[in-house]
Amino acid sequence: MELSNSRPPDSLTAYVLDNVRCLIWHAYVFISSEEKNNSWKIKILNEAAAQCWLPIKRHPENSFLQDLYLACSPLAQAQGEVMFTEAFQHKKKRCGRQFPMTLADGSEIWIHEDVHLEEVQPDHWHIVGVLTDVTTHKLSEERLLYLAHHDSLTQLPNRGYLFEVLAKAPSQSMRYLLYLDLDNFKVINDTLGHPIGDLVLFHLSNRLRSVVGMSGDVVRLGGDEFTVLLRPDASKTEAQELAESLLQQIRQPLIVEGQTLYLSTSIGIAATTDLDAPSLLRNADIAMYAAKYQGKNRIVAFDSEMERAVRSRFELEGELRKAIDKDGIGLVYQPILRLDSRKLIGLEGLARWSHPTLGMIPPDQFIPIAEETGLIIPLGLRLLKQACQQAVHWRRQHPDLVVGLNVSVVQLMEETFAQDVIRILEETGLPSEKLTLEVTESILAEGCDPVLRQLWLLYEAGVSLVLDDFGTGYSSFSALSELPLHALKIDRTFLARAIDPSRARAERNKALIRAITSAAQVLDLIVIAEGIEAEQQASLAESLGCQLGQGYHLQRPLTPQALNNYLGQVASASVQDFRESLVFLRAA
Ligand code: C2E
Ligand code: MG
Ligand code: MG
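Enquirer: For this particular structure, what's the right way to read the overall build of the protein chain?
Expert: Within the protein chain one finds 23 helices and 21 strands. Relative to the compact-globule value of 25 Å for 588 residues, the protein chain shows a C-alpha radius of gyration of 38 Å, a clear excess of over 25%. In terms of overall dimensions, the protein chain has a C-alpha envelope of 120 × 50 × 45 Å along the principal axes. In the protein chain, which comprises 588 residues, the share counted as buried stands at 47%.

What follows is the structure, encoded as structure tokens:
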């Protein structure tokens, strides 16, 4: 083969320039066993073309080949030497590698070198090598790697990245991890739509990035969950302070598409020296979960006690699933009486879980779990069916009896909730006006049209709606203005404080109850006093304008069997007469 430095025809140069971007070299090598250096005779076959696509820095005294060698980093040079030594030693027929090369303008390109070797005589080698520009390929590989490690919406690193960083972290170095989960983010998606939800996440992730700065890496785990991995030398105080700034910054109003949104987040903190990444993440998640449980919008640091609590919570969740399937959760009923005549008006059904080994589990313990897991949907429907069937049975004796049930916002978020209630009423034969559903003002915090739509559908179907635990939230009066309602229940704390030994306190609470009943009167709402534990409270509630009462002093919640006996002994008031006598303007 004739080795030539002469310029190839233009057409071939153009072809090489546009398509091939490769350099072909040929060498004859003699492996010297005595002398230290092997002897190399190298020629580049298409040097002119290669000079076009490989604009490396040139030195006047050097050949292109020498400059080519200098354009490789010392590391790439050393790697090349090792590759050839190995190939000669193991008598390889082929070897290859990839390495970066620096061009005259300082930019870097990636070269793939493919080498064919043939030992033509002992220690005499013929070699042909091809250098190809693989920068585009390398960049797309890097892009793929970037995509694999980054979230496409926020451009933040993702879970894969976090795990990789933690895997590479030297053990024994203390690392702090913050786990953030936005509070009630689902409501934004459900009410404003996913495109706005995405925008919110995008803006918030930028906020997180700017607060965290050089203190650590912000990672989006998915959905509305983020983590911040603090840099290795960060202290516990720094982790706590950073969490506080994040909490504060997320609370700042966010304007998206002309709407001002108020968000908050719950943050869990965990630390590790020797834990693996999944365990660190899980501990931070447990702490974050505890922050949610304690009322959201707060920071909680992980401790091992928490882990035990979570384990038992998960066990309880499993048990709850089984109990719902086996109809193991039933209702007790607390009578609601007229405060003037003490005649029975209605019943409030309260869920009770009688567990075979754990005993009686109160609703405060299992309803929140049922809400979080969505189990409240099947559970709520089963309880409603039970209540309606039992009410139909008791109404034979007390035709005007009204039965009430608590419903949570998770149930009202279901598009078919009103429809399901109406279906159950039809199936069981209970007239809609004999069913009362109790909601709390927390549904307004979720602030959404879907919930209001369900309430209006129920209202229009004739179901009575009661605002429960009135006065305990932030938006009691806006709840009165926005919700379709028939009655409100004053939270028991007001009556408890109205008989407080401190006169001033008692008077303030009496004044508050009076203000609530006056507002209710203007709005044609019945007022029910909750938590009447003493006769003094019953008469006080009546004198302050409450028409109905409920509490241990009047009657404790009763099992359906006990209620059968109770109903046999008491007289009930006519609900209709009662309403008419109070001139309640009920939408028919
Ligand atoms: P709530 O709807 O405000 O129910 C009244 C709670 O006060 C009941 O507690 C009742 O037993 C208790 N109570 C009644 N009279 C008195 C009294 O004189 N003094 C005191 N200290 N307490 C009294 P319970 O049964 O433990 O229910 C607690 C909460 O759990 C309920 O509060 C309600 O929010 C929720 N809940 C109960 N059953 C259900 C259900 O089926 N579905 C939903 N979503 N929530 C439920
Ligand atoms: Mg209630
Ligand atoms: Mg209540």
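Enquirer: I tried to follow the sheet that holds strand β3 (residues 94–102) on my own but got confused; where do I start?
Expert: Within a sheet, adjacent strands bond to each other through the backbone by hydrogen bonds, running parallel or antiparallel. What the five strands build is an open sheet, ordered β2-β1-β5-β4-β3; its pairing is antiparallel. In this open sheet, the two edge strands, each paired with only one partner strand, are β2 (39–44) and β3. Across the sheet, the axes of successive neighbouring strands diverge by a mean angle of 25°, strand direction being ignored. With nine bridges joining them, strand β1 (residues 22–30) and strand β5 (residues 124–133) adopt antiparallel strand pairing. What sits directly across from Trp25, in β5, is Gly129. Of the strands in this sheet, β1, β2, β3, β4 (108–121) and β5 are in contact with helix α4 (residues 74–89), which crosses β3 at around 170°. Against the sheet, helix α5 (residues 135–149) engages β3, β4 and β5, with an angle of about 120° to β4.

Enquirer: Is there a simple way to think about the pairing of strand β16 (residues 402–406) in this case?
Expert: Of all five residues making up β16, four are buried, and the element is well covered by its neighbours. Here strand β14 (residues 344–355) pairs with β16 via four bridges, running parallel. Bridge pairing in β16 links Leu347 to Val403.

Enquirer: Explain the coordination of the magnesium ion (ligand 2) to me, please; I cannot follow it from the model alone.
Expert: Think of it this way: four donors in a tetrahedron around the metal ideally sit 109.5 degrees apart, and six in an octahedron ideally sit 90 or 180 degrees apart. Each protein donor to the magnesium ion (ligand 2) is listed here as Glu348 (OE), Asn406 (OD1), Glu438 (OE) and Asp468 (OD); together their distances run 2.0 to 2.2 Å. Metal-to-metal, the separation of the magnesium ion (ligand 2) and the magnesium ion (ligand 3) is 4.0 Å; Asp468 coordinates the two. Here the residue Glu438 occupies a position in strand β17 (residues 435–440), and Asp468 occupies one in strand β18 (residues 464–470), the gap between them amounting to 30 residues. Like Glu438, the residue Asp468 is buried in the burial classification.

Enquirer: So what exactly am I meant to see when it comes to the domain arrangement of the protein chain here?
Expert: Many descriptions give the size of an interface as the accessible area lost when the pieces come together. The domain architecture assigned to the protein chain consists of domain 1 (12–135), domain 2 (150–302) and domain 3 (326–581). Computed over C-alpha atoms, the centres of domain 1 and domain 2 are 49 Å apart.

Enquirer: Can you walk me through the site of ligand 1 in this structure?
Expert: Taken together, 23 residues sit near ligand 1, with Arg352, Asn406, Asp468, Glu533 and Tyr552 positioned nearest. The separation between an oxygen atom of ligand 1 and a polar side-chain atom of Asn406 is 2.8 Å. Out of a free accessible area of 790 Å², ligand 1 has 85% covered by protein chains. For the shell around ligand 1, the secondary structure elements donating two or more residues are β14, α12 (363–373) and β18. When residues in the shell around ligand 1 are grouped by element, the largest group, four residues, is from β14.

Enquirer: When you look at the state of the cysteines in this model, what are you seeing that I'm missing?
Expert: Cysteine pairs can be linked by a disulfide, which is a covalent bond between their two sulfur atoms. If you walk through the whole model with that rule in mind, you get zero disulfides. Not part of a disulfide, Cys52 finds its nearest cysteine sulfur in Cys22, a span of 13 Å. Accessibility expressed as a relative area gives 39% for Cys52, which makes it partly exposed. Take Cys95: it sits in no disulfide, and the sulfur closest to it among the cysteines is that of Cys72, at 15 Å.

Enquirer: Just to check I follow, could you spell out the pairing of β1 for this structure?
Expert: The side chains of a regular strand alternate, first on one face of the sheet and then on the other. Of the strand pairs in this sheet, β1 and β2 are connected by six bridges, and their pairing is antiparallel. Residue pairing for β2: His26 is matched across the bridge by Lys43.

Enquirer: What should I look at first to understand the coordination of the magnesium ion (ligand 3) in this one?
Expert: Taken together, Asp468 (OD), Asp469 (OD), Glu530 (OE) and Glu530 (OE) make up the protein donors of the magnesium ion (ligand 3), found 1.9 to 2.7 Å from the metal. The exposure class assigned to Asp469 is partly exposed, which follows from its relative accessible area of 24%.

Enquirer: Teacher, can you tell me more about the environment of Ile361 here?
Expert: Counting through the fold element by element, Ile361 comes out in strand β15 (residues 359–361). A relative accessible area of 4% means that Ile361 is categorised as buried. For Ile361, the contacting residues outside a window of four places in its chain are Leu316, Trp353, His355 and Phe366.

Enquirer: Can you help me understand the nonpolar core in this one?
Expert: Generally speaking, nonpolar side chains in soluble globular proteins are found buried as a group. Ranked by size, the top nonpolar core spans 79 residues in total, and within it Ile329, Leu437 and Leu488 carry the most contacts. When residues in this core are grouped by element, the largest group, nine residues, is from helix α13 (residues 376–394). Among all residues touching Leu437, those that are not within four sequence positions of it are Leu384, Leu405, Val407, Phe417, Val421, Leu458, Val463, Ser464, Leu465 and Val466.

Enquirer: Explain the environment of Leu383 to me, please; I cannot follow it from the model alone.
Expert: Inspection of the secondary structure puts Leu383 in helix α13. Overall, the relative accessible area of 8% leaves Leu383 in the buried class. Leaving out residues up to four positions away in the same chain, Leu383 has contacts with Ile329, Gly330, Leu331, Ala351 and Leu405.

Enquirer: When you look at the sheet that holds strand β8 (residues 225–230) in this model, what are you seeing that I'm missing?
Expert: Spatial ordering of the open sheet is given by β7-β8-β6-β11-β12, a layout of five strands whose pairing is mixed. Taken across any chain shown, the strands that pair with only one partner, and hence form the sheet edges, are β7 (216–222) and β12 (299–301). Geometrically, the sheet is characterised by an average inter-axis angle of 20° between neighbouring strands, direction not taken into account. Pairing of strand β6 (residues 175–182) with strand β11 (residues 265–272), which is carried by eight bridges, proceeds in the antiparallel orientation. The residue of β11 that forms the bridge with Leu182 is Thr265. Lying on the sheet, helix α8 (residues 194–212) is in contact with β6, β7 and β8; it crosses β7 at an angle near 155°.

The rules behind these values
- Here the residue index of a chain counts from 1 through its sequence in written order.
- Here every chain gets a letter starting at A, and every ligand a number starting at 1, in the order they are written.
- Only residues with pLDDT of 70 or above have their local features reported here, since the model is predicted, and side-chain atom pairs are shown and tallied only from 80 upward, although totals for entire chains, interfaces and linings are computed over all residues.
- Note: side-chain values were computed over all heavy atoms of the structure, leaving out hydrogens and water.
- Numbering goes from the N terminus for both helices and strands, where a helix is a DSSP run of H or I of at least four residues and a strand is a run of E of at least two.
- The globule rule used here is 2.2 Å times the number of residues to the 0.38 power, and the radius of gyration it is set against is calculated over C-alpha atoms.
- Exposed residues in this analysis have more than 50% of their type's maximum accessible area, buried residues have under 20%, and partly exposed residues fall in between, with area computed by a 1.4 Å probe over protein chains only.
- Two strands form a pair only when DSSP identifies at least two bridges running between them.
- Only the stretch in contact is used when fitting a helix axis, every axis being a line fitted to C-alpha atoms; angles between N-to-C directions are given from 0 to 180 degrees.
- Residues are treated as being in contact if the distance between any of their heavy atoms lies within 4.5 Å.
- Excluding water, the donors of a metal are its N, O and S neighbours within 2.8 Å, or within 3.2 Å for Na, K and Ca, and that exclusion means sites may look incomplete.
- All domain edges in this entry derive from an automatic or database-based domain assignment.
- To be near a molecule or strand, a residue needs just one of its heavy atoms within 4 Å of it.
- Throughout this description, a polar contact denotes any pair of N or O atoms lying within 3.5 Å of each other; where both atoms belong to protein, one of them has to be capable of donating a hydrogen while the other can accept it, and for residues adjacent in sequence the pair is counted only when both atoms sit in side chains.
- Computed with a 1.4 Å probe, the accessible areas rest on the Shrake-Rupley method; for each residue, only the protein chains presented here act as cover.
- Cysteine sulfur pairs qualify as disulfides if the two atoms are within 2.5 Å.
- As used in this record, nonpolar core signifies buried Ala, Val, Leu, Ile, Met, Phe, Trp, Tyr and Cys residues forming a set joined through side-chain atoms within 4.5 Å.

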